[in-house]
Amino acid sequence: MSGSRSYGRNPRALGTLVRSGAVYVILAVISAGFLLPLAWMLSVSLQDARGVFAQPFAWIPPQMRWENYADVATLIPLGRYLLNTVIVTGLVLCGTLLSCSLVAYGFSRIRFRGRTVLFALCLSTMMLPGQVTMIPLYVLFSRLGWVDTLWPLIIPSFFGSPFYIFLLRQFFLTIPREYDEAARLDGAGRFRVYWSIILPLARPALITVVLFTFIGTWNDFFTPLIYINSPGHATLTLGLNLLKSQIVGTGMTQWHLLMAAACMVMIPNILLFTLAQKYLVKGIAMGGLR
Amino acid sequence: MNSKRLISFLLFAPLIVSSCGTKEESNTGKARISYNCAANALEIRHLQDELASFADSTGVEINLQPFTGQEKLYAMIAAGQPPDIFYTNNVLRDRLAAEGRLLDMRSLSAGDPFVERFWPDMYRQGFSLDSGLYSIANWNFTAGVYYNKELFDNAGLRYPDTSWTWNDLLDAARRIAAEKKAGGEPEHYGLFIPGHFVEIFELMNGAPVQERSLFLNLSEASLEVYRHYLALMNDHLMPDFRRMQAMGMQASQLLQTGKVAMLIEAVPHQVLFETLTIRWGVAPIPRFGTRPVRCFRSESGGLSISSQTSNTQAAWKALKWIIAGASVYQPNPVLRDADFVAGWEARYPRLIGSGFREVWQWSLKHPGGDPRFFVRFSSWTSASIMERLQPLLDKLWNRETTVEALAASQPEINRAARTALDRLIQRGTLRQEFVTAIQQQLLQAPP
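What you see is a predicted model, and the numbers here were worked out from it, not measured in a lab. (Residues numbered from 1 in each chain as written. Chains lettered and ligands numbered in written order. Predicted model: local features only at pLDDT ≥ 70, side-chain atom pairs only at ≥ 80, totals over all residues.)

**Some details on the overall build of chain B**
Note the threshold: What counts as a helix is a DSSP run of H or I of at least four residues, what counts as a strand is a run of E of at least two, and both are numbered from the N terminus. With C-beta atoms placed from the backbone, the exposure class of a residue follows from how many other C-beta atoms lie within 10 Å of its own: 20 or more, buried; 12 or fewer, exposed; in between, partly exposed. C-beta atoms are placed from the backbone for every residue, and two residues are taken to be in contact when these atoms lie within 7 Å.
Helix and strand content of chain B: 21 helices and nine strands. In terms of overall dimensions, chain B has a C-alpha envelope of 80 × 60 × 55 Å along the principal axes. Relative to its 447 residues, chain B shows a buried fraction of 41%. Intrachain contacts of chain B at a sequence separation of at least 6 include 75% that bridge at least 24 residues.

**Quick word on unusual backbone geometry**
Residues and elements named next belong to chain B. Val267 connects to Pro268 through a cis peptide bond whose omega is 0 degrees. Along the chain, Pro268 falls in the loop between strand 7 (260–267) and helix 14 (270–275). With an omega of -10 degrees, the peptide bond running from Gln330 to Pro331 counts as cis. By the element assignment, Pro331 lies in the loop between helix 15 (312–324) and helix 16 (340–347). A positive phi angle is found at Ser131, which is not glycine, with a value near 70 degrees. Mapping Ser131 onto the fold places it in the loop between helix 7 (120–124) and strand 4 (136–137). By the C-beta count within 10 Å, which is 11 here, Ser131 ends up exposed.

**So, the pairing of strand 7 of chain B**
Remember that side chains alternate between the two faces of the sheet whenever the strand is regular. Residues and elements named next belong to chain B. Quick note on the threshold: Two strands pair under a simple rule: DSSP has to find at least two bridges between them.
Strand 7 sits mainly inside the fold: eight of its eight residues count as buried. With six bridges connecting them, strand 5 (residues 142–148) and strand 7 associate as antiparallel partners. From the neighbouring strand, Val145 faces strand 7, where its bridge partner is Ile264. Across three bridges, strand 6 (residues 189–192) lies against strand 7 in parallel orientation. Bridge pairing in strand 7 places Phe192 opposite Leu263.

**Regarding the confidence of the model for chain B**
Residues and elements named next belong to chain B. Applicable threshold: As a per-residue measure, pLDDT tells how confident the predictor is, with possible values from 0 to 100.
Per-chain confidence: chain B averages 89 in pLDDT, with 93% of residues scoring 70 or above. Between the elements of chain B, mean pLDDT differs from a low of 63, seen in helix 1 (residues 3–19), to a high of 97, seen in strand 8 (residues 280–284). Interface confidence for the predicted complex, given as ipTM, is 0.82, next to a pTM of 0.86.

**Describing the domain arrangement of chain B**
Worth spelling out the cut-off: The domain limits used here are those given by an automatic or database domain assignment.
Here chain B is partitioned into domain 1 (31–138 + 300–338) and domain 2 (142–296 + 368–440). Measuring from the centre of the C-alpha atoms in domain 1 of chain B to the corresponding centre in domain 2 of chain B gives 30 Å.

**Here we look at the interface of chain B and chain A**
The cut-off we apply is this: Under the scheme applied, nonpolar residues are Ala, Val, Leu, Ile, Met, Phe, Trp, Tyr, Cys and Pro; charged residues are Asp, Glu, Lys and Arg; polar residues are all the others, including Gly.
Counting from both sides, the interface comprises 36 residues of chain B and, opposite them, 39 residues of chain A. For the side of chain B that touches chain A, the secondary-structure elements that each account for two or more residues are helix 1, helix 2 (41–58), helix 3 (70–78), helix 13 (251–256) and helix 14 of chain B. Broken down by element, the side of chain B that touches chain A gets its largest block of residues, five residues, from helix 3 of chain B. In terms of residue class, the side of chain B that touches chain A is made up of 17 nonpolar, 13 polar and six charged.

**Examining the sheet that holds strand 1 (residues 31–36) of chain B**
Strand order in the open sheet formed by five strands is 2-1-3-9-4 (chain B), and the pairing between neighbours is mixed. Of all strands in the sheet, those with a lone pairing partner are strand 2 (60–65) and strand 4 of chain B, marking the two edges.

**Looking at the packing of helix 20 (residues 410–427) of chain B against helix 21 (residues 432–444) of chain B**
All names here are of chain B. The test is simple: Here an angle of 0 to 180 degrees is reported between the N-to-C directions of two axes, which are lines fitted to C-alpha atoms, with helices fitted over the stretch in contact. Angles below 35 degrees are treated as roughly parallel, those above 145 as roughly antiparallel, those between 65 and 115 as roughly perpendicular, and all remaining angles as oblique. Two helices that cross are described as forming a left-handed crossing if the nearer one is turned anticlockwise from the farther one by less than a right angle, and a right-handed crossing if clockwise.
Where helix 20 meets helix 21, the axes come as close as 11 Å, and the angle between the chain directions of the two elements is 150 degrees. Compared by their axis directions, helix 20 and helix 21 come out roughly antiparallel. Note that helix 20 runs across helix 21; the crossing there is left-handed. Across the interface between the two elements, Arg418, Leu421 and Ile425 from helix 20 touch Val435, Ile438 and Leu442 from helix 21. Classifying every residue of the contact of helix 20 with helix 21 by side-chain character gives five nonpolar, no polar and one charged.

**Quick word on the nonpolar core**
The following threshold applies: Any nonpolar core is a set of buried residues, restricted to Ala, Val, Leu, Ile, Met, Phe, Trp, Tyr and Cys, that join up through C-beta atoms within 7 Å.
Membership of the largest hydrophobic core comes to 90 residues, with the highest contact counts inside it found for Ala261 of chain A together with Ile33, Ile85, Ala318, Leu319 and Ile322 of chain B. Looking at which element gives the most residues to this core, the answer is helix 15 of chain B, with nine residues. Contact partners of Ile85 of chain B, with chain neighbours within four places excluded, come to Ile33, Tyr35, Leu303, Ile305, Ala315, Ala318 and Leu319 of chain B. In this structure, Leu191, Met238, Leu255 and Phe288 of chain B belong to the second largest nonpolar core, which totals 52 residues.

**Observations concerning the packing of helix 18 (residues 382–397) of chain B against helix 20 of chain B**
Residue and element names in this part refer to chain B. Interhelical geometry of helix 18 versus helix 20 gives an angle of 155 degrees and a closest axis separation of 8 Å. Classified by the angle their axes make, helix 18 and helix 20 are roughly antiparallel. Regarding helix 18 and helix 20, the two cross each other, and that crossing is right-handed. Contacts from Ser384, Ile385, Arg388 and Leu389 of helix 18 reach helix 20 at Ile413, Ala416, Ala417 and Ala420.

**A short note on the environment of Met233 of chain B**
Residues and elements named next belong to chain B. By secondary structure assignment, the location of Met233 is in helix 11 (residues 220–234). C-alpha of Met233 to C-alpha of Gly281: the two residues are 48 residues apart in sequence and 24 Å apart in space. Aside from chain neighbours lying at most four places away, what touches Met233 is Met238, Asp240 and Phe241.

**So, the domain arrangement of chain A**
Accessible area lost upon the coming together of the parts is a frequently used measure of interface size. Residues and elements named next belong to chain A. In terms of domain boundaries, chain A breaks down into domain 1 (2–68) and domain 2 (69–287). One C-alpha centre belongs to domain 1, the other to domain 2, and the line joining them spans 33 Å. Contacts between the two partners involve twelve residues from domain 1 and, on the opposite side, twelve residues from domain 2. Listing elements by their share of the side of domain 1 that touches domain 2, those giving two or more residues are helix 2 (11–45) and helix 3 (67–75). With four residues, helix 2 is the largest single contributor of residues to the side of domain 1 that touches domain 2. Looking at the side of domain 1 that touches domain 2 residue by residue, the class counts come to six nonpolar, four polar and two charged.

**Digging into the sheet that holds strand 5 of chain B**
All names here are of chain B. Spatial ordering of the open sheet is given by 6-7-5-8, a layout of four strands whose pairing is mixed. At either end of the open sheet lies a strand with only one pairing partner, and these are strand 6 and strand 8. Strand after strand, the sheet turns through a mean of 25 degrees between neighbouring axes, direction not considered. Packed onto the sheet, helix 9 (residues 166–176) meets strand 6 and strand 7 and runs at close to 135 degrees relative to strand 6. Sheet contacts for helix 17 (residues 356–365): strand 5, strand 7 and strand 8; angle to strand 8, the most-contacted strand, approximately 15 degrees.

See below:
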């Protein structure tokens with residue numbers, strides 16, 4: 001009551017309240033727009049096969065079919081696909097963090113002839129669309145005998161990614177050089193400075209890289225599609241494709257099962273993003289300071 | 001790294017390395033054929049259950065590769081490791097055949113009784129511009145008019161059958177759409193023809209199907225159908241095609257909700273069979289007046305064998321088994337000796353008495369060719385043609401241009417197609433037989 005009385009006496013405060021209320025309403029409406037497909041997915045995942053085509057669509061299923069989530073595992077080897085995805089994502093994270101941070105350290109801390117040109121060259125590789133390098137890479141991995149294994153999904157990450165190199169380099173430049181010099185005075189070599197000084201201080205940027213890499217690799221459909229032939233080597237995203245109807249003969253796509261599987265696949269992404277979103281903003285913001 | 005970490009690493013590293021997998025190699029001494037097929041989990045299971053006995057009886061092992069995509073196929077071809085058998089649509093098949101990527105199966109099929117089992121129109125569609133046989137049809141479908149029996153009953157209409165004509169369809173549509181809502185919109189529209197099925201009516205109206213043509217030829221029969229199609233929307237017998245497209249409304253939903261009483265769609269159509277809960281029937285596409293009946297029958301591509309296959313005989317055996325032996329694909333409608341209708345009625349008992357049998361048999365009796373062979377859908381020049389024709393068609397359905405203006409744009413569209421062909425020949429990647437065939441058409445085409 002005291003609050004409403006004070007607003008009554010202070011038109012400016014009332015105006016602020018109305019404005020922020022309007023902003024919240026607009027944001028809520030926009031958020032609802034973004035959340036709608038997710039809500040649809042969740043709803044379909046709890047319905048029976050006909051639910052997706054029902055008219056009108058029942059957003060809250062009349063009967064929750066939690067067993068859809070268990071049924072998925074009887075159709076596709078979900079455990080195997082999960083293991084493949086975890087291995088690929090885990091190793092890609094290791095590869096990306098190691099290679100990108102090391103290259104970024106070099107570009108930010110070591111002065112050498114041609115550094116700027118080399119950095120520009122590194123960044124210019126971002127301009128190359130994936131389709132251009134797809135066939136040469138496929139030929140390379142095929143010569144190595146790695147097609148239809150997980151290696152082509154993992155190994156490229158150990159050779160750096162220009163975007164992450166750029167992001168980390170920018171962040172490293174914000175770390176005062178005095179830290180390096182102090183460590184060097186104490187006898188630390190370049191690698192020790194990188195490992196013990198720079199990396200711990202760059203945690204927000206590294207977490208940002210982890211988040212982007214995790215989401216990108218976990219959700220990647222195209223790279224596994226190109227390199228994987230056998231169902232046993234599929235990742236989760238590729239495995240989900242096996243729930244779609246492909247030929248005429250075994251009925252239409254079981255959308256309720258496909259959506260249940262998609263919901264399960266999304267969980268790690270949502271968890272990771274929820275836990276680490278503050279680092280994401282901080283990492284990007286600080287990376288852009290310099 | 002301390003010793004505990006080192007031991008953990010040494011324990012886990014081999015585990016991870018082994019999980020990353022190595023390529024499976026066959027050591028059974030049997031010929032191994034890779035089959036790149038679009039298949040889902042259930043289909044893979046069915047196929048794999050039968051592969052062992054197929055391998056035992058023929059000495060051919062089939063390695064299923066169920067992940068498909070054009071980019072993947074191109075990458076595999078570029079690396080010199082294409083799958084032995086894979087699906088190609090008509091455009092892709094012609095391209096790959098012209099580049100020498102596909103096996104000409106004429107030598108394999110000659111004298112093989114397997115070929116005699118095909119419906120001739122299905123088998124014929126696998127030939128390309130140089131008269132080589134580069135794909136074998138593995139599926140086909142026709143089209144029909146699905147109708148809501150309740151709306152027909154309410155309007156006092158008899159159900160359509162093989163004798164009905166375009167005028168009967170219009171009459172039924174008018175009577176169903178007679179009842180209006182407050183805003184003047186019909187309570188129920190008479191029918192809906194999705195834009196990609198207009199060619200079925202062009203076929204029925206006598207439009208010529210020039211199977212290996214490279215230039216656009218919009219005949220008067222096609223243009224007349226476009227006028228009919230526009231009239232359906234102008235007379236409010238059909239909901240606005242563009243509006244339906246924009247709303248993302250599924251054709252099946254239109255029929256299910258009673259928004260339309262008739263719907264032109266593929267036969268068979270699994271989604272309709274499995275999701276329609278209304279009382280429905282299906283009838284053949286109506287004929288135009290006294291014009292002869294020409295039913296739509298499309299094979300939508302087929303299975304091809306790579307020219308790089310190491311064992312052509314084994315690949316041919318595998319291909320034949322996939323089409324005619326693998327139970328998951330049976331009964332296969334491309335085969336004359338397969339009782340397709342009975343098989344599907346067993347799978348979907350609702351089809352019995354629905355008209356499905358009559359529609360299918362009618363299409364077998366009156367095969368009219370595949371209007372998807374209209375050059376605008378199925379040729380090297382289709383991309384160049386559609387790039388220019390599609391915006392005009394969109395405008396036409398939006399009533400922003402006229403049928404006459406569309407017809408007048410043909411020479412310009414064909415000029416662009418000619419330029420595209422010239423460039424293709426100059427690239428020097430085509431086999432001579434194809435270059436010659438294209439050059440002949442270029443000479444005969446109008447300037």
